[in-house]
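# Architecture and fold: a report
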Amino acid sequence: CFCELKGSINDCSCTVDTVDHFNNIKIYPRLKSLLVKNFFRFYKVNLKNSCPFWPDDSKCAMRFCQVQNCDEQHIPKGLIEENENTNSAAFKYTKEAQSSSCSEAEDYNSVLSYLDTSLSDQAHREFERWAKHDEAEEDFCILEHQNKGSQYVDLLINPERYTGYRGESAHRIWRSIYMENCFGRKNESKSLSDFIPHLDLNDMCLEQRAFYRIISGLHSSINIHLSAKYLLSESKDFLDPQGIWGPNVEEFKRRFSPETTNNEGPHWLRNLYFIYLVELRALAKAAPYLRREEYYTGIAEEDEEVKLAINDLLSVVESFSSHFNENVLFSNGVASLKFKNEYKEKFRNISRIMDCVGCDKCRLWGKLQTQGLGTALKILYSEKLNVATESGLWERPHIEENPIFKLTRTEIVALFNAFGRLSTSIFEMENFRKVLR
Ligand code: FAD
C-alpha cells in the first residue's frame, strides 16, 4: 500500500512510524479539544485585500467557497481589541501588554505617552512608523490583522474541506508559491506539473530544499483535507442541508499514488511530516513564552482550562522536539544573514500571494496556515533570539531568557491552528490507510 510510508523523513532524524504513533495518540486528541475553545476559534483576518500581483482572475462561484459571517455577539468581549484603529506597534496587542510583566510593549507605551506630550503629531507618527517597521523586520509573514477590513472569522463554522476550487487559478497560486523558491532563477514554465519535476532536490542547498519541503508539505496537507472532507453528495439531508461530507479514497489515490504522480506522491506525503516536525520544534522552543500567556477571553473558567491544556500539550511537544534541528539552516555565519533575509522576503511574498486565492474559504485557511508557518519560522529564526558572535557563528539563546520577544494573539491563534491542520492530516492518513488496506 503506497500510503504506508516507511523509513526516515528526509532532513530529519525520525521515522514516519514514530511520528504517526506520537501524533495520533498524543498530539491529535489534545489539539482537537483545545482548538474548539473560544481563544483559538475566532481568527482575525482580512479576506478583502486585492491581489497585488495580477488582476483577480476568478472568484469561485461555488457556495462551498463562501465564508460564513460570524455573529459578533458570540465573540467573547475580552477578545475584541480595544485599540483596533491604532497603528502603533505598542498597542498592537493590548491585552498582552497589560498582562506581561516586563515587555517591549510596555516600554513603547511609556515612551509614547511621554512623546504624546512633548512631540508634534508628525514626529509621533514617525516614531510609530519606526517601531512598527522594527517589529515587522522579524516577521516571515505580512501581519495584517490591524488593517481596515479585517474581520473575526469563526473557524468552527467554516471548516477546511473540499470547495471545488481548482483549474488555472489554483495552479497559478501553487506555481507562484513554488517559484518563490527559485532564488534569482525564475523559470518561465507555464505548467505547474512541467515546473515541479524540474526542481531537482539534489541541486539545491539545504535551505532551498527545506523551503521546498515545507511548501510541498503544506500543499499535501491541504489536499489531504479536501480528500478527507470531500463533498460526497449534495442531497438535502435534513440533518445536514449543506451536503454529505466524508473521505474520498479515489481522490486521495489520484493525488498521491506513485502511478498517477510520476512516483512523486509518497515524497509529497513525506514532506508533510517534515513541516510537522518544523512547527512542532517551534512550539517547543516557544513553550516557556506560551506558558506565560494569559489566553484571555474574559471567561475566567475557560481561560484557566486553556492554560492547563496548553501546559499539558506543550509538555508532550517538548518530549518529541529534537527531530528537526533549526541550527543547521543559516549556520554559515554572517554570510547567512543576507540569505536569511532573502528567505524571509520570500515567505512574506507567499503571504501576499494568498490574497490572490480565488476562493474565500481556501483563502481563509491558506492565510491562517501561512501565518502559522511564518510564526513558527519567526520563533526559530528571530534575530531577537539569535546573536552573531565574533567567530561568525550564531548563538541561539533560549526564548525564556529573552523578554523582548513577542507574539500577537493572531500569531498564536494561527500557530496552534496551523499545527492542528498538520496533525489532523497525519491522523486522516491513518484512516485512508485502513480503507486502502
Ligand atoms: P494541485 O493540488 O493544484 O497541484 C498542481 C500540481 O502540483 C500537481 O499536478 C502536481 O504536479 C504538483 N503537486 C501536487 N501536490 C504536491 C505536493 N504536495 N508537493 C509538490 N508538488 C505537488 N481546494 C479545496 O477543495 N479546499 C481547500 O480548502 C483548498 N484550499 C486551497 C488553498 C490554497 C492556498 C490553494 C492554492 C489551493 C487550495 N485548494 C483547495 C485547491 C487544491 O489545492 C488544488 O489546487 C485543486 O484541488 C486542484 O488540484 P489538482 O489535482 O489540479 O492539483
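Here is what the cut-offs are and how they apply
Residues numbered from 1 in each chain as written. Predicted model: local features only at pLDDT ≥ 70, side-chain atom pairs only at ≥ 80, totals over all residues. UniProt positions renumbered as here; feature names shortened; annotations may be inferred. Helix = DSSP H or I, 4+ residues; strand = E, 2+ residues; numbered from the N terminus. Buried ≥ 20, exposed ≤ 12 C-beta atoms within 10 Å, placed from the backbone. Contact = placed C-beta atoms within 7 Å. Near = placed C-beta within 6 Å. Nonpolar A, V, L, I, M, F, W, Y, C, P; charged D, E, K, R; others polar. Axes fitted to C-alpha atoms, helices over the stretch in contact; angles between N-to-C directions. Parallel < 35°, antiparallel > 145°, perpendicular 65-115°, else oblique. Left-handed = near helix turned anticlockwise from the far one by under 90°. Core = buried A, V, L, I, M, F, W, Y, C linked by C-beta atoms within 7 Å. Expected span 1.5 Å × (residues − 1). Arc of directions from axis to C-beta. pLDDT = per-residue confidence, 0-100.

- In the annotation of an unreviewed UniProt entry, the chain is listed under the name Ero1-like protein and assigned to Ceratitis capitata.
- Quoted verbatim from the Subcellular location (unreviewed entry) field of UniProt, the annotation for the chain is "Endoplasmic reticulum membrane".
- Per UniProt, the comment on the chain under Subunit (unreviewed entry) is "May function both as a monomer and a homodimer."

### What to know about the overall build of the chain
- Assigned secondary structure in the chain consists of 15 helices and six strands.
- Looking at the chain residue by residue over its 437 residues, the buried ones come to 36%.
- Long-range contacts, defined as pairs at least 24 residues apart, comprise 77% of the intrachain contacts of the chain with a sequence gap of at least 6.

### Observations concerning the site of the ligand
- The immediate surroundings of the ligand are formed by 24 residues, with Ala-170, Ser-216, Trp-268, Cys-362 and Gly-366 found nearest.
- Mapped by element, the contributors of at least two residues to the shell around the ligand are α6 (167-179), α7 (192-195), α8 (206-228) and α14 (360-381).
- It is α8 that provides the largest number of residues to the shell around the ligand, a total of six residues.
- Partitioning the shell around the ligand into residue classes produces 13 nonpolar, eight polar and three charged.

### Description of the UniProt feature "binding site: FAD" (unreviewed entry) in the chain
- With numbering matched to this structure, UniProt assigns "binding site: FAD" (unreviewed entry) to Arg-161, Thr-163, Trp-174, Ser-216, His-219 and Arg-255.
- Topologically, Ser-216 is positioned in helix α8.
- Mapped onto the elements of the fold, His-219 is located in helix α8.
- What His-219 contacts, discounting residues up to four positions off in sequence, is Trp-174 and Trp-268.

### Some remarks on the packing of helix α10 (residues 265-285) against helix α12 (residues 300-318)
- Look at α10 against α12: their axes get within 9 Å of each other, and the N-to-C directions meet at 120°. By the angle between their directions, the pair α10 and α12 is classed as oblique. Read as a crossing pair, α10 and α12 show a hand that is left-handed. Across from Leu-280, Leu-283 and Ala-284 in α10, the residues of α12 making contact are Leu-314, Val-317 and Glu-318.
- For the contact of α10 with α12, the residue count by class is five nonpolar, no polar and one charged.

### Looking at unusual backbone geometry
- The residue Asn-263 is not glycine, and still its phi comes out positive at about 65°.
- The exposure class of Asn-263 is exposed, given the 11 C-beta atoms found within 10 Å.
- For Tyr-295, which is not a glycine, the phi torsion comes out positive at approximately 50°.
- Here Tyr-295 lies in the loop between α11 (287-292) and α12.

### A word on the environment of Tyr-276
- Within the secondary structure layout, Tyr-276 lies in helix α10.
- Once residues within four sequence positions are removed from consideration, Tyr-276 is found in contact with Val-19, Leu-422 and Ile-426.

### A look at the nonpolar core
- If you look at the biggest cluster of nonpolar residues, it comprises 86 residues, and the most contacted ones within it are Ile-214 and Tyr-276.
- Excluding anything up to four places from it in sequence, Ile-214 contacts Phe-274, Ile-275, Val-278 and Leu-373.

### Section: the UniProt feature "active site" (unreviewed entry) in the chain
- UniProt records the feature "active site" (unreviewed entry) at Cys-359 and Cys-362, using the numbering of this structure.
- Within the element layout of this structure, Cys-359 appears in the loop between α13 (335-353) and α14.
- Given 25 C-beta atoms within 10 Å, Cys-359 falls into the buried group.
- As for its position among the elements, Cys-362 is in helix α14.
- Using a count of 24 C-beta atoms within 10 Å as the deciding quantity, one classes Cys-362 as buried.
- The contact partners of Cys-362, leaving out residues within four places of it in the chain, are Thr-163, Tyr-165 and Val-357.

### Here's the deal with the environment of Ser-257
- Tracing the sequence through the fold places Ser-257 in the loop between α9 (249-256) and α10.
- Sequence separation between Ser-257 and Leu-269 is 12 residues, and the spatial gap between their C-alpha atoms is 9.9 Å.

### Regarding α12
- Spanning 19 residues, α12 covers 27 Å between terminal C-alpha atoms, matching the ideal 27 Å at 1.5 Å per step.
- Every buried residue belonging to α12 is among Val-306, Ile-310, Leu-313 and Val-317, and all of these are buried. Looking down the long axis of α12, one finds its buried residues gathered within 75° of arc, a one-sided arrangement. Of the exposed residues in α12, those oriented more than 90 degrees away from the buried face are Ala-300, Glu-301, Glu-304, Leu-308, Asn-311, Asp-312 and Ser-315.
- Buried positions along α12 lie against α1 (16-34), α2 (38-41), α10 and α11.

### Structural notes on the confidence of the model for the chain
- Averaged over every residue, the pLDDT of the chain is 79; the share at 70 or more is 71%.
- Long-range and interchain partners of residues 82-117, a stretch whose pLDDT sits below 50, account for 44 contacts in this model, where long-range means more than four residues apart.
- For this predicted complex, the interface score ipTM comes out at 0.99, alongside a pTM of 0.85.

### Observations concerning the packing of α10 against α14
- Where α10 meets α14, the closest approach of the two axes is 9 Å, and the angle between their N-to-C directions is 55°. Comparing their axes, α14 and α10 come out oblique. By crossing handedness, the relation of α10 to α14 is classed as left-handed. Side by side, α10 and α14 meet where Val-278, Glu-279, Arg-281, Ala-282 and Lys-285 of the first sit next to Leu-373, Ala-376, Ile-379 and Leu-380 of the second.
- Here the contact of α10 with α14 is composed, by residue class, of six nonpolar, no polar and three charged.

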